[in-house]
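Residue-level structure breakdown
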Amino acid sequence: MDYDIIIVGAGPAGSTASLYAEKMGLKSILVDKSIFPRDKICGDALSGKSIRMLREMNLLSEVSKLEGAQINRITFGSPSNKQFDLHLNKLNKDQNKKKGFVIPRKVFDNFLFEKASSRSESRQGFKVTEIIKDNNVISGIIGVNKNGKKESLYAPLILGCDGPYSIIARKLKLYKMDMMNTSVAIRCYYSGVKGLTDQIELHFLKEVKPGYLWLFPAGKGIANIGIGLSKVDAKKEERTLSQILDTVTKSKYFKERFEDAIQLEKPVGWNLPLGTKHRLNHGDGFMLLGDAAGLVDPFTGEGIGNAMVSAKYAIQIAKQSKENNDYSKPFLSEYDKLLWSELGKELRTSTKLQKLARYSFLLNFVINRASRNEDVKNIISGMLANEIPKDELSNPSFYFKMFFS
(Lines give C-alpha, C1' and ligand atoms only; values in the text may rest on other atoms or scores of the structure.)
Protein backbone atom coordinates (compact mmCIF):
# COMPACT_ATOMS: atom_id res chain seq x y z
CA MET A 1 0.00 0.00 0.00
CA ASP A 2 1.22 3.52 -0.86
CA TYR A 3 -0.79 5.25 1.87
CA ASP A 4 -2.75 4.63 5.06
CA ILE A 5 -5.69 6.64 3.68
CA ILE A 6 -6.81 8.10 0.38
CA ILE A 7 -8.99 11.18 0.86
CA VAL A 8 -11.18 11.97 -2.14
CA GLY A 9 -12.43 15.56 -2.22
CA ALA A 10 -10.56 18.58 -0.82
CA GLY A 11 -13.40 20.69 0.54
CA PRO A 12 -13.68 21.37 4.30
CA ALA A 13 -14.26 17.66 5.11
CA GLY A 14 -11.33 16.39 3.04
CA SER A 15 -8.81 19.07 3.96
CA THR A 16 -9.74 18.79 7.65
CA ALA A 17 -9.33 15.02 7.44
CA SER A 18 -5.90 15.49 5.87
CA LEU A 19 -4.82 17.88 8.63
CA TYR A 20 -6.00 15.51 11.38
CA ALA A 21 -4.36 12.55 9.63
CA GLU A 22 -0.98 14.29 9.63
CA LYS A 23 -1.43 15.20 13.29
CA MET A 24 -2.15 11.55 14.16
CA GLY A 25 0.78 10.17 12.17
CA LEU A 26 -1.19 8.68 9.29
CA LYS A 27 0.21 8.80 5.76
CA SER A 28 -2.51 10.22 3.53
CA ILE A 29 -3.01 11.64 0.07
CA LEU A 30 -5.68 14.22 -0.66
CA VAL A 31 -7.07 14.31 -4.21
CA ASP A 32 -9.57 16.59 -5.90
CA LYS A 33 -10.78 16.87 -9.48
CA SER A 34 -10.57 20.68 -9.38
CA ILE A 35 -7.61 23.04 -9.49
CA PHE A 36 -7.52 25.38 -6.49
CA PRO A 37 -8.61 28.03 -5.87
CA ARG A 38 -12.04 27.04 -7.12
CA ASP A 39 -15.53 28.28 -6.35
CA LYS A 40 -18.00 26.22 -4.35
CA ILE A 41 -21.66 27.25 -4.37
CA CYS A 42 -22.58 27.95 -0.75
CA GLY A 43 -23.86 30.54 1.68
CA ASP A 44 -20.23 30.95 2.85
CA ALA A 45 -21.11 31.32 6.56
CA LEU A 46 -18.80 29.97 9.27
CA SER A 47 -20.27 29.74 12.75
CA GLY A 48 -20.85 27.37 15.63
CA LYS A 49 -19.03 24.08 15.05
CA SER A 50 -16.93 25.55 12.21
CA ILE A 51 -15.38 28.05 14.60
CA ARG A 52 -14.82 25.37 17.25
CA MET A 53 -13.11 23.06 14.76
CA LEU A 54 -10.88 25.82 13.41
CA ARG A 55 -9.86 26.68 16.95
CA GLU A 56 -9.05 23.03 17.70
CA MET A 57 -6.76 22.99 14.65
CA ASN A 58 -5.14 26.30 15.70
CA LEU A 59 -6.32 27.97 12.48
CA LEU A 60 -8.92 30.42 13.78
CA SER A 61 -6.60 33.44 14.03
CA GLU A 62 -5.47 32.95 10.42
CA VAL A 63 -9.01 32.43 9.16
CA SER A 64 -10.14 35.65 10.86
CA LYS A 65 -7.72 37.55 8.58
CA LEU A 66 -9.04 36.08 5.33
CA GLU A 67 -11.09 38.10 2.86
CA GLY A 68 -14.69 38.20 4.01
CA ALA A 69 -16.87 39.67 6.77
CA GLN A 70 -16.99 39.26 10.53
CA ILE A 71 -20.42 38.40 11.92
CA ASN A 72 -21.63 39.58 15.31
CA ARG A 73 -25.37 38.97 15.05
CA ILE A 74 -28.02 36.91 13.30
CA THR A 75 -31.25 38.49 12.08
CA PHE A 76 -34.41 36.40 11.68
CA GLY A 77 -37.38 37.65 9.68
CA SER A 78 -40.93 36.24 9.74
CA PRO A 79 -43.48 35.91 6.91
CA SER A 80 -45.17 39.02 8.33
CA ASN A 81 -41.80 40.84 8.08
CA LYS A 82 -41.23 41.10 11.82
CA GLN A 83 -37.64 40.42 12.85
CA PHE A 84 -35.30 40.08 15.78
CA ASP A 85 -31.53 40.00 16.25
CA LEU A 86 -29.40 37.49 18.12
CA HIS A 87 -26.17 39.09 19.34
CA LEU A 88 -23.37 36.56 19.56
CA ASN A 89 -21.35 38.61 22.06
CA LYS A 90 -24.23 38.57 24.55
CA LEU A 91 -24.76 34.86 24.24
CA ASN A 92 -21.37 33.21 24.47
CA LYS A 93 -19.05 33.29 27.44
CA ASP A 94 -16.26 31.84 25.30
CA GLN A 95 -14.41 34.70 23.58
CA ASN A 96 -13.72 32.49 20.56
CA LYS A 97 -17.45 31.97 19.94
CA LYS A 98 -18.47 35.61 20.12
CA LYS A 99 -18.19 36.06 16.40
CA GLY A 100 -18.65 34.25 13.15
CA PHE A 101 -17.49 34.86 9.60
CA VAL A 102 -18.72 34.87 6.05
CA ILE A 103 -15.80 33.92 3.82
CA PRO A 104 -16.28 33.01 0.14
CA ARG A 105 -15.61 29.30 -0.33
CA LYS A 106 -13.12 30.09 -3.09
CA VAL A 107 -11.03 31.73 -0.36
CA PHE A 108 -11.80 29.49 2.63
CA ASP A 109 -11.46 26.14 0.85
CA ASN A 110 -8.23 27.24 -0.79
CA PHE A 111 -6.84 28.25 2.61
CA LEU A 112 -7.65 24.82 4.10
CA PHE A 113 -6.34 23.00 1.02
CA GLU A 114 -3.03 24.87 1.10
CA LYS A 115 -2.65 24.11 4.82
CA ALA A 116 -3.31 20.43 4.20
CA SER A 117 -1.00 20.34 1.15
CA SER A 118 1.83 21.91 3.12
CA ARG A 119 1.75 19.02 5.59
CA SER A 120 0.74 15.99 3.51
CA GLU A 121 0.70 14.87 -0.11
CA SER A 122 -2.08 16.15 -2.36
CA ARG A 123 -3.12 16.09 -6.01
CA GLN A 124 -5.19 18.72 -7.79
CA GLY A 125 -6.89 18.01 -11.09
CA PHE A 126 -7.15 14.32 -10.22
CA LYS A 127 -10.48 12.83 -11.31
CA VAL A 128 -11.33 9.51 -9.68
CA THR A 129 -12.83 7.02 -12.14
CA GLU A 130 -12.73 3.64 -10.36
CA ILE A 131 -12.28 1.96 -7.00
CA ILE A 132 -9.69 -0.83 -6.97
CA LYS A 133 -10.66 -4.07 -5.26
CA ASP A 134 -8.55 -7.17 -4.62
CA ASN A 135 -10.68 -10.24 -3.88
CA ASN A 136 -13.58 -7.85 -3.31
CA VAL A 137 -11.57 -5.84 -0.74
CA ILE A 138 -10.99 -2.12 -1.37
CA SER A 139 -7.32 -1.42 -2.00
CA GLY A 140 -7.22 1.93 -3.79
CA ILE A 141 -8.49 4.13 -6.61
CA ILE A 142 -7.84 4.76 -10.28
CA GLY A 143 -8.00 8.30 -11.60
CA VAL A 144 -6.96 10.59 -14.40
CA ASN A 145 -4.38 13.16 -13.34
CA LYS A 146 -4.11 16.74 -14.57
CA ASN A 147 -1.83 15.57 -17.39
CA GLY A 148 -4.57 13.29 -18.69
CA LYS A 149 -2.82 10.08 -17.66
CA LYS A 150 -4.37 7.21 -15.72
CA GLU A 151 -2.88 6.67 -12.30
CA SER A 152 -3.49 4.18 -9.50
CA LEU A 153 -3.17 4.98 -5.81
CA TYR A 154 -3.28 2.30 -3.11
CA ALA A 155 -4.53 2.34 0.48
CA PRO A 156 -6.65 0.04 2.65
CA LEU A 157 -9.05 2.87 3.50
CA ILE A 158 -10.81 5.49 1.37
CA LEU A 159 -12.58 8.57 2.72
CA GLY A 160 -15.31 9.91 0.41
CA CYS A 161 -15.35 13.67 1.00
CA ASP A 162 -16.54 14.55 -2.48
CA GLY A 163 -19.93 16.11 -1.94
CA PRO A 164 -23.54 15.20 -2.70
CA TYR A 165 -22.64 13.54 -6.02
CA SER A 166 -19.78 11.57 -4.44
CA ILE A 167 -18.02 9.35 -6.96
CA ILE A 168 -17.04 7.06 -4.07
CA ALA A 169 -20.67 6.65 -3.01
CA ARG A 170 -21.75 6.11 -6.60
CA LYS A 171 -19.10 3.49 -7.36
CA LEU A 172 -20.10 1.65 -4.19
CA LYS A 173 -23.75 1.87 -5.32
CA LEU A 174 -24.76 3.95 -2.28
CA TYR A 175 -25.75 7.11 -4.10
CA LYS A 176 -29.39 7.73 -4.88
CA MET A 177 -31.18 11.04 -5.31
CA ASP A 178 -33.58 11.26 -2.37
CA MET A 179 -36.11 14.00 -3.09
CA MET A 180 -37.68 13.85 0.37
CA ASN A 181 -34.37 14.47 2.13
CA THR A 182 -32.76 16.98 -0.21
CA SER A 183 -33.04 20.74 -0.55
CA VAL A 184 -32.11 22.87 -3.52
CA ALA A 185 -30.67 26.37 -3.29
CA ILE A 186 -29.35 29.15 -5.48
CA ARG A 187 -26.68 31.71 -4.69
CA CYS A 188 -25.89 35.01 -6.33
CA TYR A 189 -23.20 37.53 -5.40
CA TYR A 190 -24.34 41.16 -5.48
CA SER A 191 -22.76 44.53 -4.95
CA GLY A 192 -24.67 47.51 -3.60
CA VAL A 193 -27.12 45.73 -1.29
CA LYS A 194 -28.10 48.16 1.47
CA GLY A 195 -28.25 47.51 5.20
CA LEU A 196 -25.66 44.73 5.54
CA THR A 197 -23.00 45.37 8.16
CA ASP A 198 -22.06 42.72 10.73
CA GLN A 199 -25.15 40.49 10.47
CA ILE A 200 -26.31 37.47 8.56
CA GLU A 201 -30.04 37.41 7.80
CA LEU A 202 -32.51 34.56 7.36
CA HIS A 203 -35.97 35.59 6.21
CA PHE A 204 -38.82 33.08 6.16
CA LEU A 205 -41.02 34.70 3.54
CA LYS A 206 -44.42 33.88 2.09
CA GLU A 207 -42.85 34.20 -1.39
CA VAL A 208 -40.35 31.43 -0.54
CA LYS A 209 -42.57 29.24 1.65
CA PRO A 210 -41.53 26.78 2.99
CA GLY A 211 -37.91 27.88 2.47
CA TYR A 212 -36.02 31.07 3.26
CA LEU A 213 -34.03 33.93 1.81
CA TRP A 214 -30.54 34.62 3.11
CA LEU A 215 -28.57 37.86 2.98
CA PHE A 216 -24.93 37.57 4.05
CA PRO A 217 -22.19 40.23 3.81
CA ALA A 218 -19.12 38.73 2.12
CA GLY A 219 -16.66 41.62 2.45
CA LYS A 220 -15.60 44.47 0.16
CA GLY A 221 -19.18 45.59 -0.39
CA ILE A 222 -20.21 42.21 -1.77
CA ALA A 223 -23.24 40.26 -0.52
CA ASN A 224 -24.04 36.56 -0.80
CA ILE A 225 -27.77 36.37 -1.49
CA GLY A 226 -29.66 33.12 -1.90
CA ILE A 227 -32.81 31.07 -1.55
CA GLY A 228 -33.21 27.57 -0.14
CA LEU A 229 -36.21 25.31 -0.70
CA SER A 230 -36.94 21.61 -0.32
CA LYS A 231 -36.46 19.62 -3.52
CA VAL A 232 -40.05 18.37 -3.39
CA ASP A 233 -41.49 21.88 -3.03
CA ALA A 234 -39.17 23.28 -5.69
CA LYS A 235 -40.50 20.68 -8.14
CA LYS A 236 -44.07 21.81 -7.42
CA GLU A 237 -43.20 25.46 -8.12
CA GLU A 238 -44.10 26.91 -11.48
CA ARG A 239 -41.39 29.52 -10.97
CA THR A 240 -37.67 28.81 -10.99
CA LEU A 241 -35.64 29.75 -7.91
CA SER A 242 -34.09 32.58 -9.93
CA GLN A 243 -37.57 33.93 -10.65
CA ILE A 244 -38.47 33.65 -6.96
CA LEU A 245 -35.30 35.53 -6.02
CA ASP A 246 -36.15 38.25 -8.53
CA THR A 247 -39.67 38.52 -7.09
CA VAL A 248 -38.37 38.84 -3.53
CA THR A 249 -35.73 41.46 -4.30
CA LYS A 250 -38.42 43.58 -6.03
CA SER A 251 -41.01 43.09 -3.28
CA LYS A 252 -42.24 45.99 -1.16
CA TYR A 253 -40.20 44.92 1.85
CA PHE A 254 -36.85 44.46 0.06
CA LYS A 255 -36.94 46.66 -3.05
CA GLU A 256 -35.31 49.66 -1.36
CA ARG A 257 -32.39 47.51 -0.18
CA PHE A 258 -31.86 46.20 -3.71
CA GLU A 259 -32.62 49.36 -5.72
CA ASP A 260 -28.90 50.03 -6.37
CA ALA A 261 -27.80 46.38 -6.26
CA ILE A 262 -25.97 44.77 -9.16
CA GLN A 263 -25.79 41.03 -9.77
CA LEU A 264 -22.14 39.99 -10.13
CA GLU A 265 -22.98 36.59 -11.59
CA LYS A 266 -25.84 34.55 -12.92
CA PRO A 267 -27.57 32.79 -9.98
CA VAL A 268 -26.19 29.27 -9.58
CA GLY A 269 -27.82 26.31 -7.85
CA TRP A 270 -26.92 23.11 -6.05
CA ASN A 271 -28.43 20.30 -4.01
CA LEU A 272 -28.08 19.92 -0.26
CA PRO A 273 -28.36 16.35 1.12
CA LEU A 274 -30.07 16.92 4.45
CA GLY A 275 -29.47 15.23 7.77
CA THR A 276 -33.19 14.47 8.01
CA LYS A 277 -32.23 10.89 7.26
CA HIS A 278 -29.53 8.73 8.86
CA ARG A 279 -27.72 7.50 5.76
CA LEU A 280 -25.24 4.67 5.43
CA ASN A 281 -21.83 6.31 5.77
CA HIS A 282 -19.35 3.42 6.08
CA GLY A 283 -18.56 -0.07 4.91
CA ASP A 284 -15.62 -2.39 4.29
CA GLY A 285 -12.68 -0.11 3.54
CA PHE A 286 -14.49 3.22 3.30
CA MET A 287 -16.16 6.06 5.19
CA LEU A 288 -18.24 8.94 3.80
CA LEU A 289 -17.88 12.43 5.24
CA GLY A 290 -19.69 15.77 5.02
CA ASP A 291 -22.17 16.23 2.19
CA ALA A 292 -21.31 12.77 0.86
CA ALA A 293 -22.77 11.43 4.12
CA GLY A 294 -25.83 13.74 4.01
CA LEU A 295 -24.98 15.90 7.03
CA VAL A 296 -26.42 19.30 6.03
CA ASP A 297 -28.47 20.91 8.81
CA PRO A 298 -32.13 20.70 7.70
CA PHE A 299 -33.09 24.05 9.25
CA THR A 300 -30.15 26.37 8.58
CA GLY A 301 -28.66 24.62 5.52
CA GLU A 302 -25.22 24.80 7.15
CA GLY A 303 -22.90 21.93 6.31
CA ILE A 304 -19.31 23.09 6.84
CA GLY A 305 -19.18 22.54 10.60
CA ASN A 306 -20.74 19.08 10.39
CA ALA A 307 -18.34 18.16 7.59
CA MET A 308 -15.35 19.15 9.72
CA VAL A 309 -16.69 17.21 12.70
CA SER A 310 -17.12 14.11 10.53
CA ALA A 311 -13.48 14.45 9.43
CA LYS A 312 -12.25 14.50 13.01
CA TYR A 313 -14.10 11.30 13.90
CA ALA A 314 -13.21 9.55 10.65
CA ILE A 315 -9.50 10.06 11.28
CA GLN A 316 -9.86 8.95 14.89
CA ILE A 317 -11.33 5.65 13.69
CA ALA A 318 -8.84 5.40 10.79
CA LYS A 319 -6.02 5.52 13.33
CA GLN A 320 -7.60 2.70 15.32
CA SER A 321 -8.17 0.72 12.11
CA LYS A 322 -4.49 0.88 11.27
CA GLU A 323 -3.45 -0.11 14.79
CA ASN A 324 -5.78 -3.12 14.66
CA ASN A 325 -5.29 -3.84 10.94
CA ASP A 326 -9.06 -3.97 10.68
CA TYR A 327 -10.88 -2.03 7.96
CA SER A 328 -14.11 -4.02 8.08
CA LYS A 329 -17.58 -2.53 8.19
CA PRO A 330 -18.18 -3.67 11.80
CA PHE A 331 -14.97 -1.99 12.96
CA LEU A 332 -15.65 1.23 11.04
CA SER A 333 -19.18 1.39 12.45
CA GLU A 334 -17.67 3.17 15.45
CA TYR A 335 -17.31 6.21 13.16
CA ASP A 336 -21.06 6.28 12.64
CA LYS A 337 -21.69 5.91 16.38
CA LEU A 338 -19.38 8.79 17.30
CA LEU A 339 -20.71 11.02 14.55
CA TRP A 340 -24.39 10.56 15.29
CA SER A 341 -23.80 10.67 19.03
CA GLU A 342 -22.70 14.29 18.54
CA LEU A 343 -24.92 15.34 15.65
CA GLY A 344 -27.98 13.10 15.95
CA LYS A 345 -30.12 15.05 18.43
CA GLU A 346 -29.30 18.32 16.73
CA LEU A 347 -30.18 17.02 13.26
CA ARG A 348 -33.41 15.47 14.49
CA THR A 349 -34.47 18.71 16.16
CA SER A 350 -33.48 20.74 13.09
CA THR A 351 -35.77 18.44 11.13
CA LYS A 352 -38.61 19.47 13.46
CA LEU A 353 -37.70 23.12 12.95
CA GLN A 354 -37.69 22.60 9.18
CA LYS A 355 -41.23 21.24 9.41
CA LEU A 356 -42.29 24.18 11.59
CA ALA A 357 -41.09 26.51 8.81
CA ARG A 358 -43.92 25.21 6.60
CA TYR A 359 -46.47 27.01 8.80
CA SER A 360 -46.45 30.79 8.46
CA PHE A 361 -48.62 31.36 11.51
CA LEU A 362 -46.17 29.45 13.73
CA LEU A 363 -43.16 31.29 12.33
CA ASN A 364 -44.92 34.60 12.81
CA PHE A 365 -45.78 33.67 16.39
CA VAL A 366 -42.30 32.43 17.34
CA ILE A 367 -40.39 35.29 15.71
CA ASN A 368 -42.80 37.95 16.99
CA ARG A 369 -42.54 36.46 20.48
CA ALA A 370 -38.74 36.34 20.33
CA SER A 371 -38.61 39.98 19.22
CA ARG A 372 -40.26 40.95 22.54
CA ASN A 373 -39.05 38.28 24.97
CA GLU A 374 -35.43 37.83 26.05
CA ASP A 375 -35.96 34.33 27.50
CA VAL A 376 -37.31 33.01 24.19
CA LYS A 377 -34.60 34.84 22.28
CA ASN A 378 -31.85 33.41 24.50
CA ILE A 379 -33.09 29.84 24.07
CA ILE A 380 -33.13 30.21 20.29
CA SER A 381 -29.71 31.87 20.44
CA GLY A 382 -28.33 29.02 22.49
CA MET A 383 -29.63 26.37 20.15
CA LEU A 384 -28.18 28.06 17.08
CA ALA A 385 -24.82 28.63 18.72
CA ASN A 386 -24.74 25.06 20.07
CA GLU A 387 -24.55 26.40 23.62
CA ILE A 388 -27.98 24.95 24.39
CA PRO A 389 -28.90 21.58 22.83
CA LYS A 390 -31.53 21.98 20.12
CA ASP A 391 -33.58 19.30 21.82
CA GLU A 392 -34.49 22.06 24.29
CA LEU A 393 -37.44 22.36 21.92
CA SER A 394 -38.79 19.22 23.57
CA ASN A 395 -38.61 20.84 27.00
CA PRO A 396 -42.03 22.03 28.26
CA SER A 397 -40.35 25.08 29.83
CA PHE A 398 -39.56 26.36 26.33
CA TYR A 399 -43.24 26.48 25.44
CA PHE A 400 -44.18 27.90 28.85
CA LYS A 401 -41.81 30.81 28.24
CA MET A 402 -43.03 31.11 24.67
CA PHE A 403 -46.72 31.40 25.60
CA PHE A 404 -46.77 32.90 29.09
CA SER A 405 -43.65 35.08 29.52
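It should be noted that the structure appears before, not after, this text.
Report on the accompanying structure. (Residues numbered from 1 in each chain as written. Predicted model: local features only at pLDDT ≥ 70, side-chain atom pairs only at ≥ 80, totals over all residues. Heavy atoms only, no water.)

Our focus in this paragraph is the environment of Ser242. When you line up the elements, Ser242 lands in helix H8 (residues 241-249). The spatial distance from the C-alpha of Ser242 to the C-alpha of Val31 is 33 Å, given a sequence separation of 211 residues. If near-sequence neighbours (up to four positions away) are discounted, Ser242 is found in contact with Ile186 and Pro267. (Helix = DSSP H or I, 4+ residues; strand = E, 2+ residues; numbered from the N terminus. Contact = heavy atoms within 4.5 Å.)

Read across the open sheet, the 3 strands follow the order E9-E10-E11; overall the sheet is antiparallel. Of all strands in the sheet, those bounded by a partner on one side alone are strand E9 (127-134) and strand E11 (150-154). Each strand of the sheet is rotated relative to its neighbour by a mean of 30 degrees, with strand direction disregarded. For E9 and strand E10 (residues 137-144), the ladder comprises 7 bridges, and the chain directions are antiparallel. Residue pairing for E10: Val128 is matched across the bridge by Gly143. (Pairing = 2+ DSSP bridges. Axes fitted to C-alpha atoms, helices over the stretch in contact; angles between N-to-C directions.)

In this section: the sheet that holds strand E3 (residues 45-46). Read across the open sheet, the 3 strands follow the order E3-E7-E4; overall the sheet is antiparallel. Edge positions in the open sheet fall to E3 and strand E4 (69-71), since each of these has one partner strand only. In terms of strand pairing, E4 meets strand E7 (residues 100-102) through 3 bridges, oriented antiparallel. By the bridge assignment for E7, Gln70 is matched with Phe101.

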